[in-house]
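These are the residues of each chain, in order.
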Amino acid sequence: MSTISIENLRYTWPGSDDPVLDIAEFRVAQAETVFLRGASGSGKSTLLGLLAGTLTAQSGSLQILGTELATLSPRKRDRFRADHIGIVFQQFNLIPFLTVAGNLRLVARFSGRPRRDITEKSEHLLESLNLDPALLHRRADRLSVGQQQRVAIARALINEPELLLADEPTSALDTDARDSFMSLLLSIRDISNCTMLFASHDRSLAKYFDTEVELANLNKAQARQVSHV
Ligand SMILES: Nc1ncnc2c1ncn2[C@@H]1O[C@H](COP(=O)(O)OP(=O)(O)OP(=O)(O)O)[C@@H](O)[C@H]1O
Ligand SMILES: [Mg+2]
């Protein structure tokens, strides 16, 4: 079974006449790491939103681990996301006034785990990300950018997701910081062995992944838009 399976998926933003995404077929196998490349505005974040179930396509099929997301109620979809999908956002999106532990608990509580498990798991994750577990008690807005980044990875992995989605989490970094971020992300992915889809416009990151996918080659809607120009 594929972790991601898309067929004839079309998505149009409300108020727009034309679809932004029209994908005949896209599959990602279990434990595969995929680099999704696309120019700014090509629809990478839109596709990640559909895969995370925060957006729903008007037609077609999108299955994660064999579950058709569109058939779930919004509540079940939220629960499915909490149980199976980890997300690293471009801006990390930590809640600034909560501690690191608070940020991790907020996500973990969603999946119904006992509090003691969450604390143990949080400490363990911080250690594997080379962070002092004492940082659990520090507010997120008192962390360095590099620390925030690692906490964002910890948050995405706390529920042991089968699928990790990352939306350009390196764009704010210089080359050295970017390379160490990528190594860390890939090494912790090796431990959890989850499937990973990483979206970016930056072609030089493709070397870190099993597979490279160009969104323009996948997306018929974009091909149409380009041919108008
Ligand atoms: N909330 C929204 N409402 C309407 N249109 C949107 C919305 N978000 C994005 N779009 C449009 O959808 C298209 C794809 O945007 P998207 O954010 O998915 O691109 P992207 O590949 O992630 O770009 P970037 O690399 O700049 O992050 C763009 O034309 C954008 O204007
Ligand atoms: Mg984007």
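For the structure, see preceding data.
Because the structure is a prediction, the values reported are computed rather than measured.

Undergrad: Tell me about the site of ligand 1, residues and numbers included.
TA: Residues in contact with ligand 1, as listed here, are Trp13, Val20, Gly38, Ser40, Gly41, Ser42, Gly43, Lys44, Ser45, Thr46 and His201. Residues that form the shell around ligand 1 fall into these classes: two nonpolar, eight polar and one charged.

Undergrad: Which residues make up unusual backbone geometry, and what values do they have?
TA: Phi at asparagine 8 is positive, roughly 50°, even though this residue is not glycine. By secondary structure assignment, the location of asparagine 8 is in strand 1 (residues 4-11). On the neighbour-count criterion, asparagine 8 (14 C-beta atoms within 10 Å) is partly exposed. Within the chain, glutamate 160 stands out as a residue other than glycine whose phi angle is a positive 50°.

Undergrad: Before we move on, can you summarise the sheet that holds strand 2 (residues 21-28) with the specific residues and values?
TA: A sheet is described by the order of its strands in space; here four strands give the open sequence 2-1-4-5, paired in antiparallel fashion. Edge positions in the open sheet fall to strand 2 and strand 5 (67-68), since each of these has one partner strand only. As paired elements, strand 1 and strand 4 (residues 59-64) share five bridges and run antiparallel to each other. What sits directly across from arginine 10, in strand 4, is serine 59. Relative to the sheet, helix 1 (residues 44-52) contacts strand 1, strand 2 and strand 4, its axis offset from that of strand 1 by approximately 120°.

Undergrad: Can you break down helix 6 (residues 175-192) residue by residue, with the values?
TA: End to end, helix 6 covers 26 Å across 18 residues, agreeing with the expected 26 Å (1.5 Å per residue, within 8%). Immediately beyond the C-terminal end of helix 6, within one or two residues, lies asparagine 193, with a positive phi of roughly 60°.

Undergrad: Outline the nonpolar core, supporting the account with residue identities and numerical values.
TA: Among soluble globular proteins, nonpolar side chains are generally buried collectively. With 51 residues, the main nonpolar core has Ala154, Leu165 and Leu197 as its most contacted residues. Among the elements that line this core, the one with the most residues is helix 5 (residues 145-157), at six residues. With residues near it in sequence (within four places) discarded, leucine 165 still touches Leu48, Leu51, Ala52, Ile85, Ile87 and Leu197.

Criteria and thresholds
Residues numbered from 1 in each chain as written. Chains lettered and ligands numbered in written order. Predicted model: local features only at pLDDT ≥ 70, side-chain atom pairs only at ≥ 80, totals over all residues. Near = placed C-beta within 6 Å. Nonpolar A, V, L, I, M, F, W, Y, C, P; charged D, E, K, R; others polar. Helix = DSSP H or I, 4+ residues; strand = E, 2+ residues; numbered from the N terminus. Buried ≥ 20, exposed ≤ 12 C-beta atoms within 10 Å, placed from the backbone. Pairing = 2+ DSSP bridges. Contact = placed C-beta atoms within 7 Å. Axes fitted to C-alpha atoms, helices over the stretch in contact; angles between N-to-C directions. Expected span 1.5 Å × (residues − 1). Core = buried A, V, L, I, M, F, W, Y, C linked by C-beta atoms within 7 Å.

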